[in-house]
Amino acid sequence: MSNPSPYQVPDGLFYTKEHEWARVTGGTAKVGITDYAAKTLNDIVYLTLPSTGKEVKQLSSFGTVESIKAVSELYAPLSGTVTSTNQELTNHPELINQSPYEAGWIIELKPSMLEEEKKTLLSPRQYEEFLKSLDAGHQN
Amino acid sequence: MTTTGKSRSTPLYEFHRTHGKMVEFAGYEMPIWYTSTMEEHMAVRNHAGIFDVSHMGRVDVTGPDAARFIENLFPTGIGKQPIGKSVYTLLLNESAGIVDDLIVLKVDEGKYLLVVNAASKEKDLRHMERIGSGLNFKIDDITEATTMIAVQGPSAVEALQPLTPLPLAEMKRFTHAFSTVKGIRAVVTRTGYTGEDGFEIIVHDAASGAIAVWEALLKGATPCALGSRDSLRLEAGLPLYGSDMDEATNPLEADLGWVISKDKKSYVGSQRLASLMQQGPARIRRGIIMDERIPRRDFKVTDKAGEEIGVVTSGTFSPVLKRGIAMGYVKTPSPQLGETVEVVVRDAPSNGKIAKLPFYDDSLYGWKRKPHQQ
């Protein structure tokens, strides 16, 4: 019935309407932006990221990702403490375009309110539905 | 007129729709990239790229009073230029404010072809009709009947030569010639908006002939869209009307004083310009290259002491320099070339320097580059 999405939406991740994903393994969460966000920005050339140890709150901005033309805020899918940032992105920001869910991860954090906040995040199917609603009415 | 609210499209729309990411620009459905702005930008710097610039306005000005009208309309001396010249100039209002920037092709004495910005065309036509009121001349808008394609880059001659009998390598910069491209009547002008060598072709066809020209050019050039058009012109230090200048900007502030004729005394805006030249501009357009961070439009510029001295009007990431670059205005006396300034990026001042324009080393990039660097 529905066409396959042109954007990758892997299973096993949580998603937000701001087009971030979170992969929770054990007590940590890796965070990045989705294939949709990466394709919309296209040439990612620069990021501003928080220092490790920084506290972030769910849905508030923790940095920016920039293309040649545009700046996008990065919103935390979960509250917690930043435990590491992807150093590869300093010299190779295009990793996000090439591999938004793996090599292009952006920060890792230790979630502080995982159980409550998980409930507010989107499942892969819910995020796909959300993407369809955005693209509805677009010509391409 | 977009009375239905629907965007217009150029003759090359099908190609753009099939290959590009579409956006609305100046009332037209246009591509912002085909593959990526970065790739398209570097294709122009390293080889050749083609741009559909059909959205730009093209108007013929002819008639017994056309020469007199044109001479009074612009601050640049057009009358003394030879036939075949392509002249970059400014349309000014009586307060010496910039109404548009454009190229005037002097086709013949009393015959001119103007190429203006898409978003300004209607405004320019009304301005011209008002200034020329009472004079005997005709303005023909040939935008819809023609297609305009820019071929830009160090390999532009090679990319275009197979399509035209014109001896392209012999054409001087800022001249034009009438000929054919793919057998279709065309004007070819050795001008562009990238800083590289190149040509802009106006083909007298708005249908299958235009598509044939575009497809033939694809054999020797990369298709490039609006994103790279902007990053290229900014890297080359070329101002964009509507961003880097508007009707509240005069040519001296815009650092375009060189377009003002030294001998012509009377033309639209000349009186105001004369007093501005006496006083000197209160602010001036300058380039800024950042150490880190990317400057964006409306970011404040401060001096080393943190005092506000100006604002960014265009900013981007330079693919060649791999740093943030900006064009903006600083109050006079301006900081010197190489002097440190700060651009406030998200509430934090970030270091940069006043930079020469174009931003790149013009022995390596641009139309002045030393031939065939290996």
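Just so it is clear, the model here is predicted, and its values are computed rather than measured. (Residues numbered from 1 in each chain as written. Chains lettered and ligands numbered in written order. Predicted model: local features only at pLDDT ≥ 70, side-chain atom pairs only at ≥ 80, totals over all residues.)

Colleague: Whenever I open this one, the pairing of strand β12 (residues 198–203) of chain B confuses me. Can you help?
Modeller: Side-chain direction in a regular strand flips from residue to residue, so the side chains alternate between the two faces of the sheet. Residues and elements named next belong to chain B. With six of six residues buried, β12 lies mostly within the body of the structure. With six bridges joining them, strand β9 (residues 147–152) and β12 adopt antiparallel strand pairing. Across the sheet, Met-148 pairs through a bridge with Ile-202, a residue of β12. (Buried ≥ 20, exposed ≤ 12 C-beta atoms within 10 Å, placed from the backbone. Helix = DSSP H or I, 4+ residues; strand = E, 2+ residues; numbered from the N terminus. Pairing = 2+ DSSP bridges.)

Colleague: Got a minute to help me understand the interface of chain A and chain B in this structure?
Modeller: Frequently, the measure chosen for interface size is the accessible area removed from exposure when the parts meet. In this complex, chain A contributes 10 residues to the contact, which on the side of chain B involves 12 residues. Across the side of chain A that touches chain B, the residue classes tally to four nonpolar, three polar and three charged. (Contact = placed C-beta atoms within 7 Å. Nonpolar A, V, L, I, M, F, W, Y, C, P; charged D, E, K, R; others polar.)

Colleague: In this structure, what is going on with the sheet that holds strand β6 (residues 61–67) of chain A? I would like to understand it.
Modeller: Residue and element names in this part refer to chain A. With respect to topology, three strands assemble into an open sheet ordered β4-β6-β7, the strand pairing being antiparallel. Both edges of this open sheet fall to β4 (44–48) and β7 (71–75), since each of them pairs with a single strand only. The mean angle between the axes of side-by-side strands here comes to 25°, regardless of whether they run parallel or antiparallel. As judged from the four bridges shared by β4 and β6, these two strands associate in the antiparallel manner. Counterpart to Thr-48 in the pairing with β6 is Thr-64. (Axes fitted to C-alpha atoms, helices over the stretch in contact; angles between N-to-C directions.)

Colleague: How should the sheet that holds strand β3 (residues 28–33) of chain A be read in this particular structure?
Modeller: Strand pairing in a sheet takes place through backbone hydrogen bonds and is either antiparallel or parallel in direction. Residues and elements named next belong to chain A. Read from one edge to the other, the open sheet built from six strands follows the order β1-β2-β3-β9-β8-β5, with strand pairing classed as antiparallel. Where the open sheet ends on each side, the last strands, each with one partner, are β1 (14–15) and β5 (55–56). The pairing of strand β8 (residues 80–85) with strand β9 (residues 107–111) spans five bridges and is antiparallel. Within β9, the residue paired with Val-82 across the bridge is Leu-109.

Everything listed here is a matter of geometry and, on its own, says nothing about what the molecule does.
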